[in-house]
Amino acid sequence: MPELEFGLDTFGDVPEDDSGALVSHAAAIRQVVDEAVLAEQVGVDVIALGEHHRPEYSISTPETVLAGIATRTSRIRLASGVTVLSSDDPVRVFQRFATVDAMSNGRAEVILGRGSFTESFPLFGYDLSDYDLLFEEKIELFVKLLDEKPVTWSGTKRAPLDNADVFPKTESGRLTTWVGVGGSPQSVVRTARYGLPLMLAIIGGQPGRFTPYIDLYRRASAQFGTTAYPVGMHSPGFIADTDEEAKEIYWPHYRIMRDRIGALRGWPPIRRAEFDAEVEQGSLYIGSPETVARRIARAVSTLGVGRFDLIYTAGAQPISARLRAIELYGTKVVPMVRDILAG
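Residues numbered from 1 in each chain as written. Predicted model: local features only at pLDDT ≥ 70, side-chain atom pairs only at ≥ 80, totals over all residues. Heavy atoms only, no water.

Draft legend 1. Spatial organisation of the nonpolar core. Residues Leu8, Ile139, Phe142, Ile296, Phe308 and Tyr329 are the most contacted members of the largest nonpolar core, which totals 77 residues. Considering every element that reaches this core, the biggest residue donor is helix H10 (residues 289–303), with seven residues. Beyond its immediate chain neighbours, meaning those up to four positions away, Ile139 contacts Leu85, Leu112, Val179, Arg190, Tyr194 and Leu196. If you look at the next biggest cluster of nonpolar residues, it comprises 21 residues, including Tyr57, Tyr254, Ile270 and Ala325. (Core = buried A, V, L, I, M, F, W, Y, C linked by side-chain atoms within 4.5 Å. Buried < 20%, exposed > 50% of the residue type's maximum accessible area, 1.4 Å probe, protein only. Helix = DSSP H or I, 4+ residues; strand = E, 2+ residues; numbered from the N terminus. Contact = heavy atoms within 4.5 Å.)

Below you can see the structure in the form of structure tokens.
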């Protein structure tokens, strides 16, 4: 069994500086690069950057920021989390990540997703009524591109390709590619059909409820004759020196972000009791290193995953607190989880 891997994920949430003022989008992007450097220094395996097109987030092109991180790191793997393939072009996505792979000496990974946010669709001229078809056609093309041979392909939402060769090639001959899934059985089966690793977005409720999806992935892979890779999971959380400090840093900014998005989706405002319950029993990994390590170990053991990614930003948590959370995750939480699971 491969060793359990640990990642950190962010959408480049715009943070507060020490004076309590929001920094610029440009400063937020530079901050993410600094945080990735720190993540490598404290032993984290992967940094994953998500694509968004909203004012709260600074990262709209993860691969551009990953290229910057590549120039300042040597070991940490560089992933998107996720790239919204439905509103992008598969050829360009492949080319951009193959370029990051070159700059990082083979450390690039792409996690493809349909996107839980939809701002990119009107922004780039796509019809939301084609939400499912766009992803189905584009992932079919992307998987062909992964063979790094001339591609012939046709669909309804993009110009066809006739024996088209795509450059640059990767040195390894294969770009590491995952599919991010939020809980759709059809998406799990599609991932298995294409023989790609599965990354589960578990952002609420008890982690154990995702066990059927992992079982489905393995069963479907067996039926399709594809490889069932170790499944990954990513969930939000935050670490400080004590449980109370972590919750008090995280809650006010999380509440603002959650209610702003919830207003667009018809959700009622979140109550503190709901937040506390999610921290205690659900999929918010918030607290001291000991508390977070115990809860991650329980989730990993329950689901049998091979990688755990912590989404360490959710709103405008101060820069200093974010840096401390990364430090504690790498130096305290990850070793504790390994010890618990080995015990």
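Draft legend 2. Examining the packing of aromatic side chains more closely. Scanning all chains against the criterion turns up 12 aromatic pairs. For the ring pair Tyr57 and Phe117, a centre distance of 6.4 Å and an interplane angle of 85 degrees mean the geometry is edge-to-face. You can see Tyr57 sitting in the loop between strand E2 (46–49) and helix H2 (62–70) and its partner Phe117 sitting in the loop between strand E5 (108–113) and helix H4 (120–123), a full 60 residues away along the chain. This pair shows no difference in class: Tyr57 is buried, exactly as Phe117 is. Three or more aromatic residues joined by ring pairs form one cluster here, namely Phe238, Tyr250, Trp251, Tyr254 and Phe275. Residue placement shows Lys169 over the ring face of Phe167; its charged tip is 5.0 Å from the ring centre. Here Arg265 stacks its cationic end above the ring of Phe117, 4.6 Å away from the centre of that ring. (Phe/Tyr/Trp six-rings, centres within 6.5 Å; stacked < 30°, edge-to-face > 60°. Lys NZ or Arg CZ within 6 Å of the ring centre and 35° of its normal.)

Draft legend 3. Quick peek at the pairing of strand E8 (residues 176–181). Where E5 and E8 come together, four bridges link them in parallel fashion. Among the inter-strand pairings, Glu109 is bridged to a residue of E8, identified as Thr176. Relative to strand E9 (residues 198–201), E8 is paired through three bridges, and the arrangement is parallel. Bridged to Val181 within E9 is Leu200. In this fold, the crossover linking E8 to E9 by way of helix H6 (residues 185–193) has right-handed handedness. (Pairing = 2+ DSSP bridges. Right-handed = clockwise from strand over helix to strand, strands pointing away.)

Draft legend 4. Main features of the environment of Pro62. When you line up the elements, Pro62 lands in helix H2. On the accessibility criterion, Pro62 (1% relative accessible area) is buried. The spatial distance from the C-alpha of Pro62 to the C-alpha of Gly50 is 6.2 Å, given a sequence separation of 12 residues.

Draft legend 5. Quick look at helix H7 (residues 211–224). Look at H7: 20 Å from first C-alpha to last across 14 residues, which is about the 20 Å you get at 1.5 Å a residue. Ile214, Leu216, Tyr217, Ala220 and Ser221 are the residues of H7 that are buried. All buried residues of H7 fall inside an arc of 155 degrees around its axis, so they share one side. Counted as exposed and oriented over 90 degrees from the buried face of H7: Pro212, Ala222 and Gln223. Of the residues trailing H7, Gly225 is marked for its positive phi of about 75 degrees. (Expected span 1.5 Å × (residues − 1). Arc of directions from axis to C-beta.)

Draft legend 6. Structural view of helix H8 (residues 243–265). With 23 residues, H8 should cover 33 Å at 1.5 Å per step; its first-to-last C-alpha distance of 30 Å lies within 8% of that length. For H8, the principal kink sits at Trp251 and spans about 35 degrees; a proline, Pro252, occurs within the next four residues. Summarising the contacts, the buried residues of H8 are in contact with strand E10 (232–239), helix H9 (272–281), strand E11 (285–287) and helix H11 (319–342). Looking one or two places after H8, you find Gly266, whose phi comes out positive at around 80 degrees. (Bend = angle between axes of the 7 residues up to and from the residue.)

Draft legend 7. How the structure looks around the pattern of salt bridges. Applying the stated rule across the entire model yields 25 salt bridges. Between Arg54 and Glu56 there is a salt bridge, and its shortest N-O distance comes to 2.8 Å. We note a salt bridge from Asp309 to Arg307, for which the minimum N-O separation is 2.9 Å. For Asp309, a relative accessible area of 0% corresponds to the buried category. Relative accessible area serves as the criterion here: at 1%, Arg307 is assigned to the buried category. It is possible to trace a salt-bridge network through shared partners that takes in Glu5, Arg77, Glu109, Arg307 and Asp309. (Salt bridge = Lys/Arg side-chain N within 4 Å of Asp/Glu carboxyl O.)

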